[in-house]
Amino acid sequence: MNILDKIIADKFKEVELKKSLIPVSQLENSVLFDRKCISLAESLKNGSGIIAEHKRRSPSKSVINQSLNVQDVVKGYEEAEVSGISVLTDGKYFGGSLEDLLYARASVNTPLLRKEFMVDAYQVSEAKAYGADAILLIAAVLSEKQLIYLADSAKKLGMDVLLEIHNEEELQKSLNVNADMIGVNNRNLKTFEVSIDTSKRLAKLIPNEFVKVSESGISTTAAITDLKNYGFEGFLIGENFMKTDNPGAAAKEFITELKSMA
Ligand SMILES: O=C(O)c1ccccc1NCC(=O)[C@H](O)[C@H](O)COP(=O)(O)O
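Just so you know, these numbers come straight off a predicted model, no measurement behind them.

## As for the overall build of the protein chain
Looking only at helices and strands, one finds 12 helices and 10 strands in the protein chain. Since a compact globule built from 262 residues should have a radius of gyration of about 18 Å, the 17 Å found for the protein chain is in line with a globular shape. Taken along the three principal axes of its C-alpha coordinates, the protein chain extends 50 × 40 × 35 Å. Out of the 262 residues belonging to the protein chain, those deemed buried represent 46%.

Put into structure tokens, the structure is as follows:
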């Protein structure tokens, strides 16, 4: 069993437990459930294009930064003028929580992506109830039918959908999904190998109706310039900012450098 299989097996159990504790009707009655979302896809097209991630730890890197509080991190990202903020909500493997998402929502107006391993529409409702503007769907772990169903569920609630792929086969089963953005993950989630060439290879195969996002392993502004030439408008960066004492300041320096290159 690889790490992705383990995460998904745990996720099914977690979701079943949560469903038994908090009915979906309770999520639907929460204050944030009727909030109007801000489009992450639009924000990417009109801004720096950077989606900065709140990421305490990961299966590939173990601990990245556990000493900061989420409010300070996301406020710093907003001041840096990122286009979106990704909040990891998985607890077991990434040290995140839905409370992180709630605190982030209370602290910023920047579009928030719920970064989670989605396997059930219940989690889509949770995302809305805790203040997300967008959800992530991972093609590697969902069938075409599940992708279509979960994306439609998110769109009905007014959220954007970032659909993540790693290869041509996953792209094929994503083409009929009502997603706003297709993200190419440069990290092979089974082996942890990272290569920006994955984004470059798949870019030309992604139809123009989707905003193209490159995810993982990005640490230089030169990489962004390179990826922009392949049509990418969004760039998801976690560790490069989170490994510093001040992720907001690191994002600001990065975006200032990007602007000076434009
Ligand atoms: O980051 C991991 O180790 C990981 C392992 C297994 C599944 C998912 C994983 N990461 C999720 C992500 O996609 C990244 O957090 C995100 O793209 C940012 O990547 P990075 O800039 O390399 O931190």
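## Focus: the nonpolar core
Ile 135, Leu 137, Val 161, Leu 163 and Ala 251 are the most contacted members of the largest nonpolar core, which has 71 residues in total. A total of 5 residues in this core trace back to one element, the largest contributor, which is strand S6 (residues 134-138). The contacts of Ile 135, once residues within four sequence positions are left out, are Arg 114, Met 118, Val 124, Ala 127, Ala 154, Met 159 and Val 161.

## What about the UniProt feature "domain: Indole-3-glycerol phosphate synthase" (unreviewed entry) in the protein chain?
Mapped onto this structure's residue numbering, the UniProt feature "domain: Indole-3-glycerol phosphate synthase" (unreviewed entry) falls at residues 4-253. As annotated, residues 4-253 has a helix share of 41% and a strand share of 17%, and its two end C-alpha atoms lie 33 Å apart.

## Let's talk about the pairing of S6
Counting buried residues in S6 gives 5 out of 5 residues, a clear majority hidden from the surface. Every second residue of S6 is oriented toward a common face, with Ala 134, Leu 136 and Ile 138 on one face and Ile 135 and Leu 137 on the other, all of them buried. The β-α-β motif built from strand S5 (residues 112-115), the intervening helix H6 (residues 121-129) and the parallel element S6 has right-handed crossover chirality. Note: S6 against strand S7 (residues 160-165), 5 bridges, orientation parallel. Its bridge partner lying in S7, Leu 137 is registered against Leu 163. Chirality of the crossover, the property in question, places the unit of S6, helix H7 (residues 144-156) and S7 among those that are right-handed.

## Considerations on the packing of helix H4 (residues 70-79) against helix H5 (residues 98-107)
In contact at an axis separation of 9 Å, H4 and H5 are set at 45 degrees when each is read in the N-to-C sense. Here H4 lies oblique to H5, going by the angle between them. You can see that H4 and H5 cross each other, and the crossing is right-handed. For the pair H4 and H5, contact is made by Val 70, Gln 71, Val 74 and Lys 75 and by Asp 100, Tyr 103, Ala 104 and Ser 107, respectively. When its residues are assigned to classes, the contact of H4 with H5 shows 4 nonpolar, 2 polar and 2 charged.

## Examining the site of the ligand
Near the ligand there are 18 residues, and of these Ser 58, Ser 60, Ser 216, Gly 238 and Glu 239 occur at the shortest range. When residues of the shell around the ligand are traced back to their parent elements, those giving at least two are strand S10 (234-237) and helix H11 (239-242). Classifying every residue of the shell around the ligand by side-chain character gives 6 nonpolar, 7 polar and 5 charged.

## So, the sheet that holds strand S8 (residues 181-185)
Here we have 8 strands rolled up into a closed barrel, ordered S1-S4-S5-S6-S7-S8-S9-S10, and parallel in their pairing. Averaged over all pairs of adjacent strands, the angle between their axes in this sheet comes to 25 degrees, without regard to strand direction. Looking at chain direction, strand S1 (residues 50-54) and strand S4 (residues 84-88) are connected through 4 bridges and run parallel. Looking at the pairing, Glu 53 lines up with Ser 86 of S4. Across the sheet, H4 is in contact with S1 and S4; its angle to S1 comes to roughly 170 degrees.

## Concerning the environment of Gln 71
You can see Gln 71 is positioned in helix H4. Other than its neighbours up to four places away in sequence, Gln 71 contacts Tyr 103 and Ser 107.

## Quick look at the environment of Val 70
Relative to the helices and strands, Val 70 resides in helix H4. Here Val 70 falls in the buried class, since 21 other C-beta atoms lie within 10 Å of it. With 67 residues separating them along the chain, Val 70 and Leu 137 place their C-alpha atoms 23 Å apart. In contact with Val 70, other than residues within four places in its own chain, are His 54, Asp 100, Tyr 103 and Ala 104.

Each value, and the rule that gives it
- Within every chain, residues take consecutive numbers counted from 1 along the sequence as written.
- The predicted nature of this model means local features are confined to residues of pLDDT at least 70 and side-chain atom pairs, given and counted, to a pLDDT of 80 or more, with totals for whole chains, interfaces and linings taken over all residues.
- Only DSSP runs of H or I with at least four residues qualify as helices, and only runs of E with at least two residues qualify as strands; both kinds are numbered from the N terminus onward.
- We compute the radius of gyration over the C-alpha atoms and compare it with the globule rule, which gives 2.2 Å times the number of residues raised to the power 0.38.
- Partly exposed residues are those falling between the two cut-offs: more than 12 but fewer than 20 other C-beta atoms within 10 Å of their own, whereas 20 or more means buried and 12 or fewer means exposed, with C-beta atoms placed from the backbone.
- For the purposes of this analysis, a nonpolar core is taken to be any set of buried Ala, Val, Leu, Ile, Met, Phe, Trp, Tyr and Cys residues that are connected through C-beta atoms within 7 Å.
- Contact between two residues is assigned whenever their backbone-derived C-beta positions fall within 7 Å.
- UniProt positions are given in the numbering used here, feature names are shortened, and annotations may be inferred rather than shown by experiment.
- Handedness is read with the strands pointing away from the viewer; a crossover is right-handed when the path from the first strand over the helix to the second is clockwise.
- One bridge is not enough; two strands pair if DSSP finds at least two bridges between them.
- Between the N-to-C directions of two axes lies an angle of 0 to 180 degrees, each axis being a line fitted to C-alpha atoms and, for a helix, fitted only over the stretch in contact.
- The labels follow the angle: roughly parallel below 35 degrees, roughly antiparallel above 145, roughly perpendicular from 65 to 115, and oblique for the rest.
- Should the near helix be turned counterclockwise from the far one by less than a right angle, the crossing is left-handed, whereas a clockwise turn marks it as right-handed.
- Gly counts as polar in this scheme, as do all residues outside two lists: the nonpolar Ala, Val, Leu, Ile, Met, Phe, Trp, Tyr, Cys and Pro, and the charged Asp, Glu, Lys and Arg.
- As used in this record, a residue near a molecule or strand is one whose C-beta atom, placed from the backbone, is within 6 Å of it.

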